[in-house]
Amino acid sequence: MTNFWDLAHHAWHIIFAGVALLLAVVAAGHAVLYKRDSRAAIAWVGFIWLAPIVGALVYFVFGVNRLRRHAAVLRGALERYQSPAAQIACLPEELHHHLPGHTGHLMMLARVVGGVVDRPLLTGNLVEPLINGDEAYPAMLEAIAGARRSISFLTYIFDRDEVGLEFARVLGEAKKRGVEVRVLIDAAGTRYSWPSILPALKHRDVRCARFLPLLGLGLVRLLSMNLRTHRKIVVVDGEIGFTGGINIRVGHCLRRQPRSPVQDMHFRVKGPIVAQLQEAFADDWMFTTGEALRGELWFPEPHKSGPVLSRAVIDGPDEDFEKLRWTLLGALAIARYSVQIVTPYFLPDPAVVSALNLAAMRGVKVDILLPSRSNLPFVQWASRAMWWQVLEHGCRIWLTPPPFDHSKLMLVDGCWVLLGSANWDARSLRLNFELNVECYDVELARKLERILETKRVGGELVTLADVDGRSVPARLRDGLARLLTPYL
């Protein structure tokens, strides 16, 4: 007679096999349906079937890089910014009124980006670069201290150190004055310091939330573990905005001589573009908390503040998927004279590599500035394994000296500027929620070119011979690291 425990044992085997089969079918089916790259689809399907259950779980965590937020539905509950006067929005055909002598190819770029991001290019903006936390933090703290109505604050990392606590204090004081304050921090970004900054904010009665919390066993949490918000947005009274690449941590204050110094750039913006930054924050806040930010408190009447034409390029693994990538490809396609890129992490996909090479082969001067020493050695190894792909066709790579440079910037033909939070890697272009701003202005471009020239003069030019001259062990190490490029 069959023993009860034998039956139970066989039953568990059947259940395990059934669960493994179900997960494999669902995961493999998802990869076949949604992976655009057939090579990636084949690799994932093979891994899913060769590693039962584990393969499917790894795929759900790292292979699913889309999140349906139904952003258009969320925005429907908001009083979205609409241009109250025709002169605030600039049509591509009107570009020559603002940029005489720079219109032909830039008009095409403005049309491309407008079609990609579905937002108007706005006139009347002021864009001011702020170097490192030494310039950015005092400007941000001053604006917060002077807030009268509202403060929107979104960042990836918000450390509980002397800088983070100073921001918490000023935000708390604004709340005491009756200012409406909302702080949104990426859930992973709150873990860069312990204890986190959240108790300090809540102690001061500052309303704060975490974007896509990592705790929990729900399927949505599992699928979104690899999707983070990397955006940096501060909007004060709907009139002054800050964005760029700087997180909230003492390491960005080089004058304080921190243990791990990090160079970076941030930007103070004024004018109608601030409303587009506020839109991005309002979407993320509503997605996270369900609260709709609406009305004059958050979206006051816009006023012209400067000569810069600007537009927000909002990108993420949702309805805004690959909008930044299309913007980069469009800018490289229209470039005539020069392309200058500053990024801490350079891991472009084949399409972007081809666009860089085609620009160089057309005679465009393509300069890529990278840090000589990365804060993530593994990423630098993978990047180094790809350098030959752009060097052999005429692009130039410069390695800038320490401290580590976290700046993100792109300049085209001395007139077009792309600034913001995104890096040139798969994580920024496919996995993260990012915010960048495109700007059309000669004076702003010249000011930034001078900053980049200083970086380049102090840097080291990399040649194809340098890359080919690495030792075999180093080349193998870098090549192996490159295999994980989609997830670095």
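Criteria and cut-off values
Each chain has its residues counted from 1, running along the sequence as written. Totals for whole chains, interfaces and linings use every residue, but because this is a predicted model, local features are given only for residues with pLDDT of at least 70 and side-chain atom pairs only at 80 or more, for both listing and counting. Side-chain measures were taken over the full set of non-hydrogen atoms in the model, leaving aside hydrogen atoms and water. Secondary structure elements follow DSSP: runs of H or I of four or more residues count as helices, runs of E of two or more count as strands, with numbering from the N terminus. In this analysis, the expected span of each helix is defined as 1.5 Å times one less than the number of residues it contains. Each residue's exposure class comes from its accessible area (1.4 Å probe, protein chains only) as a fraction of the maximum for that residue type: buried when under 20%, exposed when over 50%, partly exposed otherwise. Residue contacts follow a heavy-atom distance rule, with two residues in contact if any of their heavy atoms lie within 4.5 Å. Any two rings among Phe, Tyr and Trp, with Trp reduced to its six-membered ring, count as a pair given centres within 6.5 Å; such a pair is stacked if its planes are under 30 degrees apart, edge-to-face if over 60, and tilted if neither. Every axis corresponds to a line fitted to the C-alpha atoms, with the helix fit spanning only the stretch in contact, and the corresponding angles, defined between N-to-C directions, vary from 0 to 180 degrees. Should an angle fall under 35 degrees it is taken as roughly parallel, and over 145 as roughly antiparallel, whereas 65 to 115 is taken as roughly perpendicular and any remaining angle as oblique. Here the term charged refers only to Asp, Glu, Lys and Arg, the term nonpolar to Ala, Val, Leu, Ile, Met, Phe, Trp, Tyr, Cys and Pro, and the term polar to all other amino acids, Gly among them. For cavity detection a 1 Å grid was placed over the protein atoms alone, and a set of points counts as a cavity when a 1.4 Å probe fits there but cannot get out; an open set counts as a pocket when protein lies on both sides within 12 Å along at least five of seven lines, with lining residues being those that have an atom within 4 Å of a point. Grid points are joined across faces, edges and corners, and a volume is the space filled by probe spheres set on the points. By definition, two strands form a pair when at least two bridges between them are found by DSSP.

Peer 1: For this particular structure, what's the right way to read helix H8 (residues 162–176)?
Peer 2: Here H8 contains 15 residues, and its C-alpha end-to-end distance of 21 Å stays within 8% of the 21 Å for a straight helix at 1.5 Å per residue. For H8, the complete set of buried residues consists of Val163, Gly164, Phe167, Ala168, Val170, Leu171, Gly172 and Ala174. Where H8 is buried, its residues contact helix H7 (132–145), strand S3 (150–155), strand S4 (180–186) and helix H9 (198–203). In the segment just after H8, Gly178 is the residue with positive phi, at about 100°.

Peer 1: Is there a simple way to explain the packing of aromatic side chains in this structure?
Peer 2: The relation between two aromatic rings is expressed through the spacing of the ring centres and the mutual angle of the planes. In this structure the tally under the stated criterion is nine aromatic pairs. Between the aromatic rings of Phe211 and Phe433, the centroid separation amounts to 5.2 Å while the plane-to-plane angle is 75°, which identifies the pairing as edge-to-face. Of the two residues, Phe211 is situated in strand S5 (residues 207–211) and Phe433 in the loop between helix H16 (426–431) and strand S17 (434–440); the sequence distance between them amounts to 222 residues. Across the pair, Phe433 and Phe211 agree in class, each one buried.

Peer 1: Help me understand helix H12 (residues 323–334) in this model?
Peer 2: Given 3.6 residues per helical turn, the α-helix brings residues three or four places apart onto the same face. Over its twelve residues, H12 extends 17 Å from the first C-alpha to the last, a length consistent with the 16 Å expected when each residue adds 1.5 Å. For H12, the buried fraction is high: ten of the twelve residues fall into the buried class. For H12, the complete set of buried residues consists of Lys323, Leu324, Arg325, Thr327, Leu328, Leu329, Gly330, Ala331, Leu332 and Ile334.

Peer 1: Whenever I open this one, the packing of helix H14 (residues 377–384) against helix H19 (residues 472–482) confuses me. Can you help?
Peer 2: What describes two packed helices is the angle between their axes and the distance between those same axes. Orientation of H14 relative to H19, taken along the N-to-C sense of each, is 100°, at an axis distance of 7 Å. The pairing of H14 with H19 is recorded here as roughly perpendicular in orientation. Residues Phe378, Trp381, Ala382 and Arg384 of H14 touch H19, and the partners they reach there are Arg477, Asp478, Ala481 and Arg482. For the contact of H14 with H19, the per-class residue count stands at four nonpolar, no polar and four charged.

Peer 1: Help me understand empty space enclosed by the protein, please; the structure alone is not making it clear to me.
Peer 2: A probe matching the size of a water molecule, rolled over the atoms, marks out where space remains unfilled. Enumeration over the complete set of coordinates arrives at three cavities of 30 Å³ or more. Estimated volume of the largest cavity: approximately 100 Å³. Lining the largest cavity are Leu324, Leu328, Val342, Lys408, Leu409, Met410, Leu418, Ala422, Asn423, Trp424, Leu429 and Asn436. Counting residues per element, the ones that place at least two in the lining of the largest cavity are H12 and strand S15 (409–412). For the lining of the largest cavity, a count of residues per class yields nine nonpolar, two polar and one charged. Taken as a whole, the second largest cavity holds about 70 Å³ of empty space. Looking at the second largest cavity, the residues that line it are Pro344, Tyr345, Phe346, Leu370, Pro371, Ser374, Val379, Gln380, Ser383 and Trp387. For the lining of the second largest cavity, the secondary structure elements donating two or more residues are strand S12 (365–371) and H14. Broken down by element, the residue count for the lining of the second largest cavity peaks at three residues, all from H14.

Peer 1: What is the right way to look at the pairing of strand S9 (residues 265–270) in this model?
Peer 2: In regular strands, side chains alternate between the two faces of the sheet. Burial runs high along S9: five of the six residues are buried. By the bridge criterion, six bridges tie strand S2 (residues 121–131) to S9 in an arrangement that is antiparallel. Residue pairing in the sheet places Pro129 in a bridge with Phe267 of S9. In this sheet, S9 lies alongside strand S7 (residues 240–244) in antiparallel orientation, the contact comprising five bridges. Its bridge partner being in S9, Phe242 is matched across the sheet by Arg268.

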